Amino acid sequence: MHWNENLYRLHEKLGGAFFGTPPAGLAEDVRPNGTLILPYRGAKVTVCPEYDAVVRTNISGGAPRGGAMWTMAAAEVELNRRRTVTVQPQKGLRGLLGKKTEAQSIEGYQVKTDDEAFARLMLSRPALQGCLRKAREKAPAVLPLFLKLIPSDGGTDHLLEVRTNLFPVEWGTLKGVGDGDEILPAKVVEDASTDLLERLVETAKAAYGAACDTSV
């Protein structure tokens, strides 16, 4: 299953504008390039892949190989002043800049910010907290989420990104779906992929709403 095909399935479910190679015209060597733009509260949520090359030393002198695919849902947000908030899966000590705050109620995530009051209120919004908690559920698979809100220029416009590294370039096997090395029917993988991708989009929408509705 190809990225464009799965994104097109989401387009059929949620609407919006799809840009990319239609599923019927896919070839095995087509690199992920599909983009879906979804309207939300007067803004546009853009869902697209981001492919990062990984340089590996090859002792035989061959060309470096490898790479990783990120799946991203992004939108522009205008705030009353410049702020930075990042949320990522928990790896060590939990908290907002290492301090005990309400943001610690988001179990399983580490938060960093330059504006504690804003981040605390933004991350306390029920819709966003619900999305972050649901992403940790194993049905159909845990969805590792990385959220970033950063200034995009010298003014008060910000870039909001919610991304995951769960999905491989080809989605024939989806990590975390099923048990061990079990080979699942294509339909099961397709439905799980669409469900998880929709969760990513819903998290981006919830984060956008939380940022817009928070004024400190």
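Residues numbered from 1 in each chain as written. Predicted model: local features only at pLDDT ≥ 70, side-chain atom pairs only at ≥ 80, totals over all residues. Heavy atoms only, no water.

Quick look at the overall build of the chain
Broken down by element type, the chain carries four helices and eight strands. When the helices and strands of the chain are placed in sequence order, the string is α-β-β-β-β-β-β-α-α-β-β-α. Within the chain, the proportion of its 216 residues that are buried is 42%. Contacts in the chain between residues at least 24 apart in sequence constitute 60% of all its contacts with a sequence separation of at least 6. Total accessible area on the chain stands at roughly 11400 Å², and carbon and sulfur atoms take up 51% of it. (Helix = DSSP H or I, 4+ residues; strand = E, 2+ residues; numbered from the N terminus. Buried < 20%, exposed > 50% of the residue type's maximum accessible area, 1.4 Å probe, protein only. Contact = heavy atoms within 4.5 Å. Areas by Shrake-Rupley, 256 points an atom, 1.4 Å probe, with all protein chains shown as cover.)

Here we look at the pairing of strand E8 (residues 157-164)
Judged by how many residues are buried, E8 sits mostly within the fold: six of eight residues are covered. Relative to E8, strand E7 (residues 146-151) runs antiparallel, the two sharing six bridges. From the neighbouring strand, Leu147 faces E8, where its bridge partner is Val162. Once E7 ends, the chain turns through five residues before running back antiparallel as E8. (Pairing = 2+ DSSP bridges.)

A word on the nonpolar core
Counting residues in hydrophobic clusters, the biggest one holds 46 residues, and the most contacted among them are Val47, Met122, Leu128, Leu143, Leu145, Leu147 and Leu149. Setting aside residues no more than four positions away along its own chain, Leu147 makes contact with Val85, Thr86, Val87, Met122, Leu128, Leu160, Glu161, Val162 and Ala207. (Core = buried A, V, L, I, M, F, W, Y, C linked by side-chain atoms within 4.5 Å.)

A closer look at the confidence of the model for the chain
The predicted model of the chain has a mean per-residue pLDDT of 79, with 70% of residues at 70 or higher. In the model, residues 61-65 has pLDDT below 50 throughout and makes five contacts with residues more than four positions away in sequence or in other chains. (pLDDT = per-residue confidence, 0-100.)

Description of the pairing of E7
As paired elements, strand E5 (residues 85-89) and E7 share three bridges and run antiparallel to each other. Looking at E7, one finds that Val87 is bridged to Leu147.

Concerning helix H2 (residues 116-123)
All of the buried residues along H2 are Phe118, Ala119, Met122 and Leu123. Angular distribution of buried residues about the axis of H2 spans 115°; they occupy a single face of the element. (Arc of directions from axis to C-beta.)

Concerning the pattern of salt bridges
Taken as a whole, this structure holds 10 salt bridges when the rule is applied. For Asp191, the salt bridge goes to Arg9, with nearest N and O atoms at 3.1 Å. Pair noted here: Asp191 is in helix H4 (residues 186-212) and Arg9 is in helix H1 (residues 3-14), with a separation of 182 residues, a long-range link. In this structure Asp191 comes out as partly exposed when scored by relative accessible area, which is 33%. The salt bridge involving Lys148 is made with Glu161; its shortest N-O contact spans 3.8 Å. A residue pair is termed long-range when its members are at least 10 positions apart, and Lys148 in strand E7 and Glu161 in strand E8 qualify at 13 residues. A relative accessible area of 9% means that Glu161 is categorised as buried. One network of salt bridges, in which partners are shared, links Arg81, Arg83 and Asp115. (Salt bridge = Lys/Arg side-chain N within 4 Å of Asp/Glu carboxyl O.)

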